[in-house]
Amino acid sequence: MEKLYNSPWFIRLVAFAFAILLFTYVNYENNSKVLTTNPLNGVSTSSSKIITNLPIVVDIDQDKYFVSGFPETASIEISGPTNIVSQTTANKAFDIVAQNLDDLGVGTHKINLVAEGLSSDLNYTITPAEITIEIKEKRVETFEVEVIFDESKLATGYLAEKPVLNYETVEVSGAVSTIEKINSIQAVVPLSENTNTDVKKTVSVDALDANGNQLDVVINPKEVTVSIEVNSNSKLLPIKLIKVGTPEIDYEYELGIEDEKNTSISVIGTPERLGNLSSFPLEIDITGLKETVTKEVTLPLAEGLFSIEPKKIIVRVTVKKREKQQPNETDTPEASKESSISSGDTESMSSSITDSSTNEDGVIKESISTSGGKLDSSK
């Protein structure tokens, strides 16, 4: 037995047996790593993945036909070898296609979507599985875009200028019967309450029928940028001081504005009212004044006016005693009456801004009440 153990051939046989056992063990370990499907170790030979919101490619002559009935997007579930599924999910190098629709012609049809560009090692299911579409003859026309916005949202005293668009016309394509129903192409611009600044917004464009219903057409471009200039309806008017009341005998009166910067005012109002004004008349009562006085006068707002800036001015009434002269033919009671403003004339003056009128001398006369801004000698 000892001779057998010490025999070279015996040692060789034992070594060869161990080599076979070692090779068998290593090969088994490698195969078990590839073939195992135990979910606990996270390794699997196959998997599946759902991809959503994929666009649909419509295979049809779009110059000749218009197709309706397609959903905006589709979903696909792919399954197969894990590495291929992962690669496909990452790259998305495939399309969801409605194939060969030209062969169907005009009419209503049920079709199935297919996936193009997927590996042959993958299986897939598309949702929706079946789609009902309608193919119609196509027409393409060009329409002007109408901008719609609510002018009541503008702040008081502000006006919107004509809107400016980056595209004044759009190309509309659709079924012949649908194109014939188009009543207007509108871009609706929402405004905030009391808008008093320029507006610039990008909005969608819609095709509407006579009843205001949105039509199923393709509009290019689908969005337009609208710019609306918003300006205050204002006007710069010179102040026209008007003497009213009964002057003192033998006194002369001269009206003036203390601050030379306030000889003109900015008025915001309706276009109609501002169009009738060339100046801002302000009545100053000189009744009972025998010496020079100044007073802060609040400028009154009349109907059709919303704002005045500045709101107050300082008026000076310079009073001078008239030098006595020898009576002559011109110093008659009638002449004296013509040189002053009678109380009857005062009562006839308007208490608010009136439309321009012409007196006997051909001078335009406008009047406005001082709303408490009369001057008296007690001041």
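On to the overall build of the chain, then. When you go through the chain residue by residue, the secondary structure sums to seven helices and 27 strands. Scored against the burial criterion, the 379 residues of the chain give a buried share of 32%. A sequence separation of at least 24 residues applies to 73% of the contacts in the chain between residues at least 6 apart. As displayed, the chain has an accessible area near 24,300 Å², and 48% of this comes from carbon and sulfur atoms.

Pairing between strand β3 (residues 65–68) and strand β9 (residues 131–148): four bridges, direction antiparallel. From the neighbouring strand, serine 68 faces β9, where its bridge partner is glutamate 134. Strand direction decides the pairing type here: strand β6 (residues 107–111) and β9, joined by five bridges, are antiparallel. Note on β9: the bridge partner recorded for lysine 110 is threonine 132. Sheet topology places β9 next to strand β12 (residues 169–175); seven bridges connect them, and they run antiparallel.

In this fold, isoleucine 50 is placed in strand β1 (residues 46–54). Isoleucine 50 sits in the exposed class, given a relative accessible area of 53%. Along the chain, isoleucine 50 and tyrosine 124 lie 74 residues apart, while their C-alpha atoms are 9.4 Å from each other. Setting aside residues up to four positions removed in sequence, isoleucine 50 forms contacts with Ile76 and Glu77.

Right, let's get into a nonpolar patch on the surface. On the surface, Val14, Phe18 and Leu21 cluster together into a nonpolar patch covering about 310 Å² of accessible area. Note on placement: leucine 21 falls in helix α2 (residues 8–35).

With that out of the way, let us pick up the sheet that holds strand β4 (residues 74–81). Strand order in the open sheet formed by three strands is β1-β4-β8, and the pairing between neighbours is antiparallel. Of all strands in the sheet, those bounded by a partner on one side alone are β1 and β8 (123–127). On average, adjacent strands in this sheet sit at an angle of 15 degrees to one another, irrespective of strand direction. When β1 meets β4, the two strands line up antiparallel, connected through seven bridges. Within β4, the position partnered with isoleucine 51 by the bridge is isoleucine 76. Across the sheet, helix α3 (residues 82–91) touches β1 and β4, and the angle it forms with β4 is around 150 degrees.

Let us now look at the sheet that holds strand β14 (residues 199–204). As summarised here, the arrangement of the three strands in space is β11-β17-β14, forming an open sheet in which the pairing is antiparallel. In this open sheet, the two strands that pair with only one neighbour each are β11 (164–165) and β14. Summarising the sheet, β14 and strand β17 (residues 223–228) pair through six bridges and their orientation is antiparallel. Counterpart to lysine 201 in the pairing with β17 is valine 226.

Turning our attention to unusual backbone geometry. With omega at 0 degrees, the peptide bond leading from asparagine 220 into proline 221 counts as cis. With respect to the secondary-structure elements, proline 221 resides in the loop between β16 (218–220) and β17. Of note, the phi angle at asparagine 100 is positive, near 50 degrees, even though the residue is not glycine. Along the chain, asparagine 100 falls in the loop between β5 (95–98) and β6.

Here we come to the side chain of threonine 225. Locating threonine 225 in the fold gives a position in strand β17. A distance of 3.0 Å separates a polar atom in the side chain of threonine 225 from a polar atom in the side chain of threonine 202. Beyond its immediate sequence surroundings of up to four residues, threonine 225 is in contact with Val164, Leu165, Asn166, Lys200, Lys201 and Thr202.

What counts and what doesn't
Residues numbered from 1 in each chain as written. Predicted model: local features only at pLDDT ≥ 70, side-chain atom pairs only at ≥ 80, totals over all residues. Heavy atoms only, no water. Helix = DSSP H or I, 4+ residues; strand = E, 2+ residues; numbered from the N terminus. Buried < 20%, exposed > 50% of the residue type's maximum accessible area, 1.4 Å probe, protein only. Contact = heavy atoms within 4.5 Å. Areas by Shrake-Rupley, 256 points an atom, 1.4 Å probe, with all protein chains shown as cover. Pairing = 2+ DSSP bridges. Patch = residues over 30% accessible without salt bridge, like charges linked within 9 Å, V, L, I, M, F, W, Y side chains within 5 Å. Salt bridge = Lys/Arg side-chain N within 4 Å of Asp/Glu carboxyl O. Axes fitted to C-alpha atoms, helices over the stretch in contact; angles between N-to-C directions. Polar contact = N/O pair within 3.5 Å; in protein donor to acceptor, adjacent residues only side chain to side chain.

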